[in-house]
Amino acid sequence: MDSSYENVIKTLLRNPSSIKTKSQATQLHAQIVKTRGSRSVSLATIILGIYSDLNLLKESLQVFNTFCYVPTKAFKSVIKCYSCNGYFLDSLACFVEMRGFGKLPGQDVFPAVIRACTHLKELKVGESVHGCVVRSGMESDLYTGNALMNMYAKLQVSSPDCHVFDKIPQTSRFSSRRSNLVPVLYEETRNELIRSEKSNFDSLNGRRVERDKRLDNVSKIFQMMPNKDVVSWNTVIGGNVQSGLYEEALDMLREMSNANLKPDCFTLSSILPVFARHVDVTKGKEIHGYAIRHGFDKDEFIASSLIDMYATCTRVEDSYRVFDLLPQKDDVSWNTIIAGCVQNGTFDEGLRLFRQMLAANVKPVEVTFSAILPACAHLTTLHLGKQLHAYITRMGFDQNMYIASSLVDMYAKCGKIMTARWIFDRMEVHDSVSWTVITMGYALNGHAREAIILFENMERERIKPNAVAYLAILTACSHAGLVDEGWNYFTSMSKCGVSPDIEHYAAIADLLGRAGRLMEAYKFITDMPIKPTGGIWATLLSACRVHKNVELAENVAKEMTTADPGNMGPYLLLSNMYSAAGRWKDASKLRTNMKKKGMRKPPACSWIEVRNKVHGFVSGDTSHPYYDQIHEALRDLYERLKQEGYAPETSEALHDVDEEQKGDLLYTHSERLAIAFGIISTPAGTTIRITKNLRVCVDCHTAIKFISKIWGREIIVRDNSRFHHFKDGNCSCGDYW
């Protein structure tokens with residue numbers, strides 16, 4: 001062999017890190033075997049180390065299996081290579097094998113073993129390895145300490161009874177000794193861990209001992225590490241955030257700065273959720289400014305955290321600005337901005353971004369559908385919801401608990417309660433979210449008894465109802481007039497450890513008000529331990545309107561304006577009551593006051609989806625392209641209604657005009673325009689689905705019952721309170737809404 005070539009091999013063997021590729025490694029290996037043979041343990045160990053550093057598992061094992069007596073370095077190389085390639089069970093089994101030969105691991109192998117314990121979620125084994133670390137005197141090693149902190153931060157709960165090594169296949173190279181070595185590892189290292197911890201902590205001064213005993217494992221390790229890098233600080237900060245210890249996380253961030261270490265991308269992405277949690281957009285902006293100054297703002301993880309922080313703080317415009325400035329957008333940033341839009345009620349924008357995401361060839365993942373389905377639910381875009389459902393099924397995501405719950409919610413809010421129930425019944429596991437969603441779905445669709453059965457079934461399944469579940473069952477009782485049942489559920493909340501909040505009190509006030517027990521509702525609100533909001537008074541004011549109690553309505557309106565001075569709701573409701581009672585001067589006076597204060601009544605709007613397009617209608621609007629046909633259909637509809645015995649409830653026409661003009665005003669209400677368009681635009685027998693932004697008026701409710709009978713159509717109307725399923729001249733609400 002040429003001497004110069006021999007010198008190259010010697011140089012490479014002295015500096016193995018200079019080998020950067022698989023091709024270089026295999027060529028070197030081949031030349032060594034060719035010129036020096038394959039029996040040299042030292043050369044084989046070097047080659048194994050090179051393969052391991054390149055994460056070449058197959059080649060590493062080929063060399064490893066040639067050893068008759070395995071050197072310590074060879075064990076270390078294979079343990080690391082197994083762990084880096086995701087073969088965590090084999091990594092731990094190899095570690096046990098090495099310990100069985102009496103070989104002590106070093107600082108270069110412990111991080112890989114601890115990483116394996118973390119990924120396998122085996123805390124007991126990790127504790128044993130920790131004991132080994134202490135006994136080996138490696139507890140001060142930076143990388144080992146970081147790995148231990150990461151493990152304890154992620155594994156705060158006890159591991160299952162099943163031992164990790166019971167899962168190793170019998171074909172493992174190490175299976176013959178496994179049963180004897182595992183007890184040795186456990187008993188020896190765990191006992192050593194206890195002894196070593198005591199000796200280590202006793203070496204500290206007395207004042208620190210008592211303080212450190214109260215710290216968790218992450219903090220203990222962190223405090224005892226003589227050297228800490230950014231990873232060390234990030235691990236302890238991230239662990240505090242994951243455990244909900246937000247103030248502690250912020251304190252650690254300050255200490256990190258005092259230690260002259262600059263936060264990196266991971267630090268910032270860990271700490272931003274704290275400001276989102278506390279809705280502290282000012283501090284969030286400070287972190288944003290720091291990220292810009294240090295060039296981190298283009299990092300996808302930082303950007304996603306900023307998008308989420310701004311969205312949680314209801315600053316969705318700032319979220320979009322961060323997203324728009326990203327040079328590269330991954331699925332995380334897309335999903336975060338979509339979720340932020342939906343959570344802030346900008347559903348159309350969320351859907352638009354979802355379509356842009358698809359156009360950018362970014363493949364949706366499971367969290368994408370959990371984010372976008374609520375938009376379909378709120379906008380009642382059933383067609384799009386069905387398309388998403390089909391895609392979810394093709395991707396195999398339909399058994400994901402969160403997606404399934406979102407589908408149940410979407411179908412329920414689109415009036416397809418039976419489809420929602422079918423999806424719910426197919427779920428393999430039900431959690432509190434899925435139970436609550438289906439219960440609320442039945443409640444809003446007017447099936448109170450079914451909602452009660454579901455709620456009781458949830459309790460029988462030993463799933464503890466949360467605050468939202470109680471709100472669902474109270475809503476069901478309110479919409480069905482089940483006063484006694486609703487009151488029983490309300491009083492049982494505190495016994496189950498759930499404190500009623502403002503929404504639960506509002507539900508009871510609504511329950512009493514709908515049932516006509518107005519004075520009882522008034523007393524309940526005034527005696528509340530929580531200060532009543534304008535919304536609670538609004539429920540009672542609406543009940544006063546239904547039951548035509550003008551005197552009480554005037555008192556409630558005063559309370560409402562005091563609680564929420566800028567709300568125009570009490571003016572509108574009271575004005576409507578005055579009009580209904582023929583008190584036109586009082587109604588006019590109120591409306592004049594509203595104009596002076598710059599208040600304008602929100603227009604009544606209704607929406608209908610026809611051939612994959614949503615059409616919007618405003619009461620009295622003539623701008624729709626098909627208005628002439630709609631107007632003709634309405635005239636025909638009005639004549640047919642009168643022939644069937646329909647008489648307009650003209651008290652709902654809030655103008656001092658003659659009865660004929662009042663009738664004309666009523667039949668151009670937005671929901672009737674939408675229904676007429678649905679009738680002329682869809683085949684006979686097709687279900688018509690309407691969404692309305694305000695409560696359905698009494699006259700429209702009566703008219704739609706007649707329409708459903710005359711045209712043989714099922715008409716589903718979702719107003720701002722509930723669903724109305726009209727069929728064969730009847731409504732699912734039983735005229736109680």
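Residues numbered from 1 in each chain as written. Predicted model: local features only at pLDDT ≥ 70, side-chain atom pairs only at ≥ 80, totals over all residues. Heavy atoms only, no water.

Some words on the side chain of His 624
What counts here: Each helix is a run of H or I in the DSSP string that is no shorter than four residues. Each strand is a run of E no shorter than two, and both are numbered from the N terminus. Summary of the burial criterion: residues with accessible area below 20% of their type's maximum are buried, those above 50% are exposed, and those between are partly exposed, where the area comes from a 1.4 Å probe applied to protein chains only. Two N or O atoms form a polar contact when they lie within 3.5 Å of each other; inside protein one atom must be a possible hydrogen donor and the other a possible acceptor, and for residues adjacent in sequence the pair counts only when both atoms belong to side chains. Should any heavy atoms of two residues lie within 4.5 Å, those residues are considered in contact.
Summarising the element assignment, His 624 is placed in the loop between β2 (613–618) and α35 (627–643). Taking relative accessible area as the criterion, His 624 reaches 12% and is therefore assigned buried. A polar contact of 3.0 Å, which involves the side chain of His 624, links it to the backbone nitrogen of Tyr 626. Look past the residues within four positions of His 624 in its chain and what remains in contact with it is His 615, Phe 617, Ile 630 and Phe 677.

Regarding the packing of α35 against helix α37 (residues 670–681)
Note the cut-off: In this analysis, axes come from line fits to C-alpha atoms, helices being fitted only over the stretch in contact, and the angle between any two N-to-C directions falls in the range 0 to 180 degrees. Orientation is classified from the angle alone, with under 35 degrees giving roughly parallel, over 145 giving roughly antiparallel, 65 to 115 giving roughly perpendicular, and any other angle giving oblique. Each residue is assigned to one of three groups, with Ala, Val, Leu, Ile, Met, Phe, Trp, Tyr, Cys and Pro labelled nonpolar, Asp, Glu, Lys and Arg labelled charged, and all others, Gly among them, labelled polar.
It is the contact of α35 with α37, at a shortest axis distance of 9 Å, that shows an interaxial angle of 100°. As judged from the angle between their axes, α35 and α37 are roughly perpendicular. The residues of α37 that touch α35, namely those facing Gln 629, Ile 630, Ala 633 and Leu 634, are Arg 672, Leu 673, Ala 676, Phe 677 and Ile 680. Of the residues contributing to the contact of α35 with α37, the split by class is 7 nonpolar, 1 polar and 1 charged.

A look at the packing of helix α5 (residues 72–84) against helix α7 (residues 110–120)
In plain terms, the rule: Crossing handedness follows the turn of the near helix against the far one: under a right angle anticlockwise gives a left-handed crossing, and clockwise gives a right-handed one.
With their axes 9 Å apart at the nearest point, α5 and α7 run at an angle of 35° to one another. When the axes of α5 and α7 are compared, the crossing they make is left-handed. For the pair α5 and α7, contact is made by Ile 79, Lys 80, Ser 83 and Cys 84 and by Ala 112, Val 113, Arg 115 and Ala 116, respectively. Counted by class, the contact of α5 with α7 contains 5 nonpolar, 1 polar and 2 charged residues.

Let's talk about the pattern of salt bridges
Rules: We count a salt bridge whenever a side-chain nitrogen from Lys or Arg sits within 4 Å of a carboxyl oxygen from Asp or Glu.
Throughout the structure, instances matching the rule amount to 17 salt bridges. Glu 520 is the partner of Arg 517 in a salt bridge, and the nearest nitrogen-oxygen pair spans 2.8 Å. A relative accessible area of 34% means that Arg 517 is categorised as partly exposed. A salt bridge links Lys 705 to Asp 735, with the shortest nitrogen-to-oxygen separation between them at 3.0 Å. In this pair, Lys 705 sits in helix α38 (residues 698–710) while Asp 735 sits in the segment after β6 (730–731), placing the two residues 30 residues apart along the sequence. Exposure remark for Lys 705: the relative accessible area of 16% places this residue in the buried category. Overlapping salt bridges, with partners in common, bring together Arg 315, Asp 318 and Arg 321 in one network.

A closer look at the pairing of strand β3 (residues 688–692)
To keep it simple, the criterion reads: Being paired, for any two strands, means DSSP has found at least two bridges between them. For a crossover, the right-handed case is the one in which the path from the first strand over the helix to the second runs clockwise, viewed with the strands pointing away from the viewer.
Most of β3 is tucked away: 4 of the 5 residues are buried. Relative to β3, strand β1 (residues 605–610) runs antiparallel, the two sharing 3 bridges. From the neighbouring strand, Trp 607 faces β3, where its bridge partner is Thr 691. Sheet topology places β3 next to strand β4 (residues 715–718); 4 bridges connect them, and they run parallel. When the bridges of β4 are listed, Thr 691 appears paired with Arg 718. As for the winding sense of the linkage, the β-α-β connection from β3 through α38 to β4 is right-handed.

Describing the UniProt feature "repeat: PPR" (unreviewed entry) in the protein chain
Quick reminder of the rule: UniProt positions are given in the numbering used here, feature names are shortened, and annotations may be inferred rather than shown by experiment.
Taking the numbering used here, the UniProt-annotated feature "repeat: PPR" (unreviewed entry) corresponds to residues 229–263, 330–364, 431–465 and 466–500. Secondary structure across residues 431–465 comprises 74% helix and 0% strand; the distance between its end C-alpha atoms is 10 Å. With 69% helix and 0% strand, residues 466–500 has its two end C-alpha atoms placed 10 Å apart.

So, the pairing of β2
For β1 and β2, the ladder comprises 6 bridges, and the chain directions are antiparallel. The residue bridging Val 610 from the neighbouring strand is Lys 613, located in β2. From the end of β1 to the start of β2, which pair antiparallel, there are 2 residues, and Arg 611 there has a positive phi angle of about 50°.

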